[in-house]
Amino acid sequence: MRTLTSNLHFNFMGKRKLAMTFSIALVVISLASLLTRGLVFGIDFTGGTLIEVGYSEDADLEAVRAALAGNGFAEAQVQQFGTPRDVLIRLAPREGVKSSELSDKVFGILSEQSPGKVELRRVEFVGPQVGDELTEDGALAVLVSLMAILMYVAVRFEWRFAVGSVIALVHDVTITLGFFSLFQMEFDLTVLAAVLAVIGYSLNDTIVVFDRIRENFRKIRKGDSEEIINTSLNQTLARTIVTSLTTLIVLIALFILGGEIIHNFSLALILGVVVGTYSSIYVASSAVLMLGVSKADLMPVQKEGVIDDMP
Amino acid sequence: MLNQYPLWKNLLVVFVLATGLFYALPNIYSQDPAIAVSGVRGAVVEASVKDKVKQALDKAGIPVKEMEDKGASLLIHFSSTTDQQKAQRVIAEVLPESVSYALTTAANVPDWLIGMGGQPMNLGLDLRGGIHVLIDVDMDAAIKDKVEAYTGDVRSTLRSNKVRYLTVKADDLGIDIKFKDAATRDKAEEVLGNEFRNLGVETRDADGAYYVRLTLPPAEIRAIKKFALQQNITTIRNRVNALGVAEPLVQQQGDRRIVVELPGVQDPTQVKNILGATATLEYRLVDTEHDALDAKNSGKIPPGSRLYTVREDGRPILLKKRVIVTGNQITDAASGFDQRSGSPMVTVNLDSKGARRMRNVTIDNVGKPMAVVFKENRVVGRDAEGKPIKRLVEDVISVANILEPLGARFQTTGLDSPQEAHELALLLRAGALAAPIDIVEERTIGPSLGQENIDQGLNSVLIGLLAVMIFMVVYYKVFGLFANAALLANLVLIVAILSLLQATLTLPGIAGIVLTVGMAVDANVLIYERIREELRVGSTPQAAIHAGYEKAFSTIMDANVTTLIAAIVLFSIGSGPVKGFAVTLAIGIVTSMFTSIVGTRALTNLVYGGKRVKKLAI
């Protein structure tokens, strides 16, 4: 295999206007979808009951729906899950019924209705109050990790880099969420974990690029900021692509073989890795350039690591 | 530029890897389906019971793989889950009530390995099947109960000090006591102030009446809440133990929640019923001086008595208000069948205080009837906010004449079914809940789904790993092999640390490992790309290796520290599945730094170091 590194000279920064238009378009579409269509939250966040049952033969969804409707569960959502034998039933929280007993009732109805044996594979019940708490905790986790990262990068690099990396992260998170909103895919706790992992990954990518930019600002005497950033991006390009590739390889393995439960988790990560790779090249670096970073900002002070020239 | 590691560094790599392999080792031993037989509440399983179990299994012709006699308990290994389930039915029939059994898995780890601290990883409920419930303790009710208890104490204190009051009224936060004149009120203030030092005492005049108000100070409220939570945890733990579940987890979460995790449980309905049940018994004398039917029809209940209904036929009955003994004084209970009538019954043991009272009361009342009241809080619906509405259901399950004075141990009949007798005995043994509880979250995973999750998780790790390794060898040649060795070592270390910490591996945890596999090679990619760059600008191979590792180091650090920050935030804020993911991600980041920097360097130095190298296979 030929290596990717033989002296590349892509003019990344020259196309930054185009890239920015593209990014802004994606972010706007994502935000519009998030605002109008919203996210399809899983029961982890909304509260409710989810029951997965396995039949010995292919399940007759219509019969299941009819049996549930006939017993006062007309609003139950019934769908196939993974294989034709597995059925997933969702129930909204109900008033007047002890929610933790709902699953027993539903399973009883299904056992009666089915001629063959029905197996209770999984029950998840989340009370509305717990759901609210999880939503708050989740949002808090995203915010706190963004803040912590902002601080670390500001201390290790410089404030423009911190802002650049956070802009890239917000970009990645927004587009990942936007995708889930646009295609109305379920957003549950595992997807939230994936979004947080995307923050970690995309940041990893961005930091590697920044690290090279910092090094080159100190080393290369000729050329303006744009040229130096371009050189840095070209030098790290091989690594960026190889790492994304290996990560994507395992994620695709997880997506295909990991089973229904982590399907959305792996999808969110695949999406996040692709967007994160793109954003560390275009969004983070362009932001740093536009914030007016210059050589003087990164010349080593007495001790490396305590560079902070916040005005 | 010799690129040679000092001996100690090579030894360190070997040592870390050897330790990792050792502690990862327990995980390759197979897990047998097993049944654990143990005494309820820490009681020892008698040798006779063990023999009985052995004989019953022999008779039924169920092959036993290994019978592990652990002194106080018995662990029976089986070769298959079918055998295990067959054996379960056999064992259930022969075991006495003081002994419980539970389906579990038992690892075949050799003793010498266990002796050195080697244990397999804990598998989460999503991988082994089981039920997880999150229980919310109703703190408002706990406080209300306490206020009510204080109300009774206030009345009797005032009465015994001969202070006349008009009314005593309890509300959510305190007790209002109304007096006719200021002098009585002041006397009451003094009496109550002395008696209830832990409560706040205020006085107030309104509408020509004089009040004393007792309030619960914040410290008292905190104490009540803490007690309610602790007491409920103890009770729930007792109940869970009585259910016979192997390796149950009962844990406080936050300041009003309890997490219960029961691996391998297959009947969530029974578990939920037992956890939330409030059934208890009360013993009272029957009021024989008044007619119960009259009292019911006229609504005139004689003072000192209360009206109840008999469960069997629904007829009314008047019982004395004074309770002889309550469920709190019951120390032990067992269900069985009455010898004469064959109906289900519960045998009850009282503590010394309860026994004394029972004897004193029954000596004075031989020949008179005594009643047993069955009390239970039942959920009857939910209010607009979704909070459960509970009603105390009380009915009389048995009325019998006192033939002779009763002591510490006696029988109660009148229960509907053996099942009810069994559950009541269990609840009496475990103790009462200090405050009502509500299940706010439940996750049940069937055993077959758990196995599927394990298989799918392992499959995706293996295939993903293989694909990445092939890519690395093709792209980086010999150096790719070094990276692959580091990748494998990294997996071994993650497994070893998870086993050592006895952290729980969940499905999201496996996803975290998969992600680490993808990202672990990143450090090597960074180093190797640097080496290539150095070679391109004309460095000698040895200098290129040296510079490559040197220059990539700070980048790797920065990149990994930031990801670690994200993992730590995830761990501290996230719950359940998110935590499992964060744990493996964080462990993976740390171990991968070691294997991909120190580990691969050791290999590189071993192969290329200290000699003249013309060309690097990179």
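Note: the structure precedes this text.
Residues numbered from 1 in each chain as written. Chains lettered and ligands numbered in written order. Predicted model: local features only at pLDDT ≥ 70, side-chain atom pairs only at ≥ 80, totals over all residues.

Visitor: Describe the interface of chain B and chain A, with residues and values.
Guide: With 66 residues of chain B at the interface, the matching set in chain A holds 63 residues. The set of elements that each furnish at least two residues to the side of chain B that touches chain A consists of helix 9 (268–276), strand 18 (369–382), strand 21 (437–445), helix 13 (447–501), helix 14 (507–536), helix 15 (541–573) and helix 16 (576–608) of chain B. Looking at the side of chain B that touches chain A residue by residue, the classes come out as 36 nonpolar, 19 polar and eleven charged. Direction of pairing for strand 5 (residues 118–126) of chain A relative to strand 21 of chain B: antiparallel, over a ladder of five bridges. (Contact = placed C-beta atoms within 7 Å. Helix = DSSP H or I, 4+ residues; strand = E, 2+ residues; numbered from the N terminus. Nonpolar A, V, L, I, M, F, W, Y, C, P; charged D, E, K, R; others polar. Pairing = 2+ DSSP bridges.)

Visitor: Could you give an account of the sheet that holds strand 9 (residues 200–206) of chain B, with specific residues and numbers?
Guide: All names here are of chain B. Taken in spatial order, the four strands line up as 7-8-10-9 in an open sheet, and their pairing is antiparallel. Looking along the sheet, the strands with just one partner apiece sit at the ends: strand 7 (167–170) and strand 9. Here the average twist between neighbouring strands, direction ignored, is 20°. Looking at chain direction, strand 9 and strand 10 (residues 209–215) are connected through seven bridges and run antiparallel. Looking at the pairing, Glu-202 lines up with Arg-213 of strand 10. Contacts between helix 6 (residues 139–160) and the sheet are confined to strand 7, strand 8 (174–179) and strand 10, with strand 7 contributing the most and set at about 165° to the helix. Helix 7 (residues 182–195) rests against strand 8, strand 9 and strand 10 of the sheet, and its axis sits at about 15° to strand 10. (Axes fitted to C-alpha atoms, helices over the stretch in contact; angles between N-to-C directions.)

Visitor: Residue-level account of the sheet that holds strand 3 (residues 74–77) of chain B, with values.
Guide: Through backbone hydrogen bonds, the strands of a sheet pair up, either in parallel or in antiparallel fashion. All names here are of chain B. Strand order in this open sheet of four strands is 2-3-1-4, and the pairing throughout is antiparallel. Two strands lie at the open edges of the sheet, namely strand 2 (66–69) and strand 4 (99–107), each paired on one side alone. Looking at each pair of strands side by side, their axes are set apart by 20° on average, direction ignored. On top of the sheet, helix 3 (residues 81–94) reaches strand 1 (31–39), strand 3 and strand 4; it is set at about 15° to strand 1, its chief contact.

Visitor: Provide a residue-level description of the pairing of strand 9 of chain B, including the pertinent values.
Guide: Judged by how many residues are buried, strand 9 of chain B sits mostly at the surface: zero of seven residues are covered. What sits between strand 9 of chain B and strand 10 of chain B in their antiparallel hairpin is a turn of two residues, with Asp-207 of chain B showing a positive phi close to 50°. (Buried ≥ 20, exposed ≤ 12 C-beta atoms within 10 Å, placed from the backbone.)

Visitor: Just give me the short version of the environment of Ile-437 of chain B, but keep the residues and values in it.
Guide: With respect to the helices and strands, the residue Ile-437 of chain B is situated in strand 21. When the C-alpha positions of Ile-437 of chain B and Ala-486 of chain B are compared, they lie 50 Å apart, and in sequence the two are 49 residues distant.

Visitor: How would you summarise the nonpolar core if you had to cite specific residues and measurements?
Guide: Counting 138 residues, the largest nonpolar core has Ala-193, Val-195 and Leu-196 of chain A together with Leu-570 of chain B as its most contacted members. Looking at this core element by element, the count peaks at 21 residues for helix 13 of chain B. When residues no more than four places from it in sequence are discounted, the contact partners of Val-195 of chain A are Val-142, Val-173, Thr-176, Ala-268 and Gly-272 of chain A. Grouped together as the second largest cluster of nonpolar side chains are 42 residues, Ala-87, Ala-142, Val-250 and Val-271 of chain B included. (Core = buried A, V, L, I, M, F, W, Y, C linked by C-beta atoms within 7 Å.)

Visitor: Residues and numbers for unusual backbone geometry, please.
Guide: Notably, Gln-184 of chain A is not glycine yet its phi reads approximately 50°, a positive angle. Relative to the elements of secondary structure, Gln-184 of chain A occurs in the loop between helix 6 (159–182) and strand 6 (186–187). At Lys-477 of chain B, a residue that is not glycine, the phi angle is positive and equals roughly 50°. Looking at where Lys-477 of chain B falls in the secondary structure, it is placed in helix 13. Judged by C-beta crowding, with 15 C-beta atoms within 10 Å, Lys-477 of chain B ranks as partly exposed.

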